[in-house]
Amino acid sequence: ATLVRVQRGGSPSAQTEGKLTLLCDAKTDGSFLVHHFLSFYLKANCKVCLVALIQSFSHYNIVGQKLGVSLTAARERGQLVVLEGLKSGVDVFFRPREEPHPLQFLREANAGDLQPLYAFVRDALQPVDSGEAAWRCPVLLVDDLSVLLSLGVGPVAVLDFVHYCRATVCQEWKGNVVCLVHDSGDTEDEESDVLLNGLSHQSHLILRAEGLATGFCKDVHGQLRILWRRPLQPTTHRDRSLTYQYKIQDKSVSFFAKGMSPAVL
Amino acid sequence: MAGPERPPPPRDSVEWEGRSLLKALVKKSALRGEQVHVLGCEVSEEEFREGFDSNINSRLVYHDLFRDPLSWSKPGKALPGGPLEALRALDKRTVSGPATIALDSLSWLLHHLPCPTLCQTLHALSRQDSCPGDTPPGEQVRVLGLLHEELHGPGPLGALSSLAQTEVTLSGMMGQASAQILCRRPRQRPTHQTQWFSILPDFSLELQAEPPLESQPRSDPHTPSVDPTTHLTFNLHLSKKEREAKDSLTLPFQFSSEKQQALLRPGLGQATSHIFYEPDAYDDLDQEDPDDDLDV
């Protein structure tokens with residue numbers, strides 16, 4: 001319920017359109033945020049493109065059903081376009097080289113840029129002139145960007161991909177982009193740090209899921225920090241961030257102020 | 001702030017962003033009647049111009065490297081020649097009158113151009129080669145560059161720093177932004193100062209005095225302090241007699257002189273210790289001294 005309030009109401013409004021939201025996790029799994037945004041935007045009647053590089057389609061579908069959306073039905077009616085990285089990653093090697101493929105970089109010796117992936121996103125979310133506005137704003141969801149680094153793409157290439165998505169989906173079509181990235185934390189992963197910091201500078205809103213400093217807890221799964229970065233209202237830094245703790249349940253996530261978990265009160 | 005001739009890069013971080021300061025400096029230049037050229041790589045023209053009134057916007061020329069910097073779109077909306085040519089073209093545009101060039105951002109340029117090339121182009125842009133007599137003071141070009149510190153290693157950061165006459169690093173404390181300003185003038189020692197500031201919604205720059213140290217978040221003085229020893233199920237207090245008895249107690253391992261005497265000379269009143277032993281049926285009592293056969 002709190003997460004919806006962060007987005008100012010139950011559905012995307014003019015204030016929340018054209019934004020890049022960065023989901024970041026550190027020492028915990030932030031994928032629950034991806035599932036939340038996926039079901040949120042589908043319910044809000046937006047056209048959604050999901051670049052799913054981590055899990056299979058059926059995984060998102062199962063979780064989506066718990067949250068009240070059917071991804072299969074959304075895909076059938078054309079509301080949802082999914083790039084299933086796990087499946088189509090293999091396809092790349094069995095197709096003729098001339099045919100462009102969104103994950104073409106997997107074939108190349110030095111993974112160049114992600115232009116084919118951007119082209120896929122652009123074609124999937126391009127507003128169609130069909131007389132009546134079928135869907136609300138277009139939305140791009142990427143789960144996740146850190147895996148691209150593991151696949152050999154440089155951090156600047158990933159930043160360029162997100163830049164282009166921002167320029168097209170956010171700026172031109174007034175849609176939203178939501179990306180998940182992992183914070184490598186203490187491990188000195190320079191590329192991961194450049195990617196995370198570069199994305200943070202580009203983002204309007206950063207949602208950071210962190211594990212508790214004291215370790216695993218049954219009743220409090222972690223802490224969520226919300227940081228508003230842009231648009232630039234030159235107000236004091238203090239006003240622009242909030243922290244909540246959360247517990248992930250079967251069909252929802254409950255949020256509460258720090259130290260106020262029902263289990264400890 | 002004094003007007004520098006060479007590029008000062010405001011360095012920012014994710015926590016203390018620098019674009020508002022860049023926009024505030026751009027506004028100052030525009031209000032002085034200068035023409036301002038902005039090479040925009042990170043935000044759209046619409047977003048950069050937001051917050052400026054029409055007077056400032058009319059003096060601002062935005063060179064758009066945001067929409068299609070790498071020529072991925074068809075039909076291409078890119079500036080011809082890509083980022084490097086766009087940067088070099090700025091030199092040719094600022095021919096008449098004093099001008100300011102704002103680079104938003106140097107980080108983007110550093111990611112897409114080789115560092116030496118970028119440094120050479122910046123050097124040419126700020127016209128360091130011209131002798132002081134050649135260019136009249138009014139014609140000088142001020143270059144401002146925004147740099148995101150955490151995105152680069154020490155090498156490129158050092159290279160860009162050496163080009164800059166003024167370096168402004170942003171940080172802050174308790175919600176108040178501050179700028180560490182390092183000024184390098186030729187044949188003079190570098191000067192360092194800290195300036196607290198805030199930027200108003202219309203991007204005017206307001207300089208401030210250092211915030212007093214007492215403004216730490218303090219606990220609410222109206223909350224009465226609660227005595228934690230009330231409502232306990234056990235007794236934490238000592239009566240006077242109990243306290244006296246406690247204070248007069250000697251601890252077992254405290255070696256006072258009385259204790260030492262008592263140990264050395266067992267007094268008459270003290271009972272000597274006896275050991276009572278009942279042997280079992282299976283005990284083998286050997287009265288011989290087991291150490292007899294030791295030849296010590």
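All residue numbers refer to position in the chain's written sequence, counted from 1. Whichever chain is written first becomes A and whichever ligand is written first becomes 1, with later ones labelled in order. Totals for whole chains, interfaces and linings use all residues, but because this is a predicted model, local features are given only for residues with pLDDT of at least 70 and pairs of side-chain atoms are given and counted only at 80 or more. Side-chain measures here rest on the full set of heavy atoms in the structure, leaving out hydrogens and waters.

If you check an unreviewed UniProt entry, chain B appears there as Elongator acetyltransferase complex subunit 5 from Ovis aries.

Per an unreviewed UniProt entry, the recorded name for chain A is Elongator acetyltransferase complex subunit 6, and the organism is Ovis aries.

**Quick look at the interface of chain B and chain A**
We call two residues contacting when some pair of their heavy atoms lies within 4.5 Å. Facing 39 residues of chain B, the contacting portion of chain A comprises 30 residues. Buried area is understood as the total, over both parts, of accessible area removed when two parts are fitted together, assessed with a 1.4 Å probe. Buried area between chain B and chain A, summed over both chains or domains, comes out near 2800 Å², and the portion from carbon and sulfur atoms is 56%. Whenever two N or O atoms come within 3.5 Å, that pair is a polar contact, provided that in protein one can donate a hydrogen and the other can accept it, and provided that, for residues adjacent in sequence, both atoms are side-chain atoms. Our enumeration of links across chain B and chain A arrives at 12 residue pairs in polar contact (both at pLDDT 80 or more). What counts as a helix is a DSSP run of H or I of at least four residues, what counts as a strand is a run of E of at least two, and both are numbered from the N terminus. Of all elements in the fold, only α1 (19-31), α2 (45-49) and α5 (106-112) of chain B reach the threshold of two or more residues within the side of chain B that touches chain A. Across the side of chain B that touches chain A, the residue classes break down as 16 nonpolar, 9 polar and 14 charged. Residues are grouped as follows: Ala, Val, Leu, Ile, Met, Phe, Trp, Tyr, Cys and Pro are nonpolar; Asp, Glu, Lys and Arg are charged; all remaining types, including Gly, are polar.

**Considerations on the pattern of salt bridges**
For side chains of opposite charge, pairing can occur when their charged atoms come near one another. Counted as salt bridges are all cases of a side-chain nitrogen of Lys or Arg within 4 Å of a carboxyl oxygen of Asp or Glu. Counted under the stated rule, the structure contains 16 salt bridges over all chains. When the shortest N-O distance is used, the salt bridge between B:Arg184 and B:Glu167 registers 3.0 Å. Highlighted residues: B:Arg184 in the loop between β8 (176-183) and β9 (191-199) and B:Glu167 in strand β7 (residues 166-173), separated in sequence by 17 residues. A network of salt bridges, in which partner residues are shared, links A:Asp183, A:Arg208, A:Glu210 and A:Arg225.

**Examining the sheet that holds strand β6 (residues 205-210) of chain A**
For sheets, the rule is that strands pair by backbone hydrogen bonds, running either parallel or antiparallel. Residue and element names in this part refer to chain A. A pair of strands is treated as paired once DSSP finds two or more bridges between them. Strand order in the open sheet made by the 9 strands is β3-β2-β4-β5-β1-β6-β7-β8-β9, with mixed pairing throughout. Strands with a single pairing partner mark the edges of an open sheet, and in this sheet they are β3 (80-84) and β9 (253-256). Each strand of the sheet is rotated relative to its neighbour by a mean of 20 degrees, with strand direction disregarded. Pairing geometry for strand β2 (residues 46-52) and strand β4 (residues 136-143), over 7 bridges, is parallel. When the sheet's bridge partners are listed, Cys-46 is paired in β4 with Arg-136. Geometry is summarised by axes, namely lines fitted to C-alpha atoms with helices restricted to the contacting stretch, and by angles between N-to-C directions that run from 0 to 180 degrees. Relative to the sheet, helix α9 (residues 190-202) contacts β1 (20-26), β5 (176-182) and β6, its axis offset from that of β1 by approximately 145 degrees.

**Looking at the packing of aromatic side chains**
The geometry of an aromatic ring pair is captured by the separation of the ring centres together with the interplanar angle, meaning the angle of the planes. When the centres of two rings from Phe, Tyr and Trp lie within 6.5 Å, Trp using its six-membered ring, the rings pair. Their planes under 30 degrees apart give stacked, over 60 give edge-to-face, and anything left gives tilted. Applying the stated criterion across every chain yields a total of 9 aromatic pairs over all chains. For the ring pair A:Tyr118 and B:Trp72, a centre distance of 5.8 Å and an interplane angle of 40 degrees mean the geometry is tilted. Remark: B:Trp72 occurs in the loop between β3 (60-64) and α4 (82-93) and A:Tyr118 occurs in helix α6 (residues 115-125); the pair is interchain, linking two chains. The classification of residues rests on relative accessible area computed with a 1.4 Å probe and restricted to protein chains. Under 20% of the type maximum is buried, over 50% is exposed, and intermediate values are partly exposed. Residue classification places A:Tyr118 among the buried residues on the basis of a relative accessible area of 3%. An aromatic cluster is built from B:Phe48, B:Phe52, B:Tyr62 and B:Phe203, whose rings are joined through pairwise contacts. Counting as a charge over the ring demands two things of the Lys NZ or Arg CZ atom: a distance within 6 Å of the ring centre and an angle within 35 degrees of the ring normal. For A:Arg75, the ring lying beneath its charged end belongs to A:Phe57, and the centroid distance is 3.8 Å.

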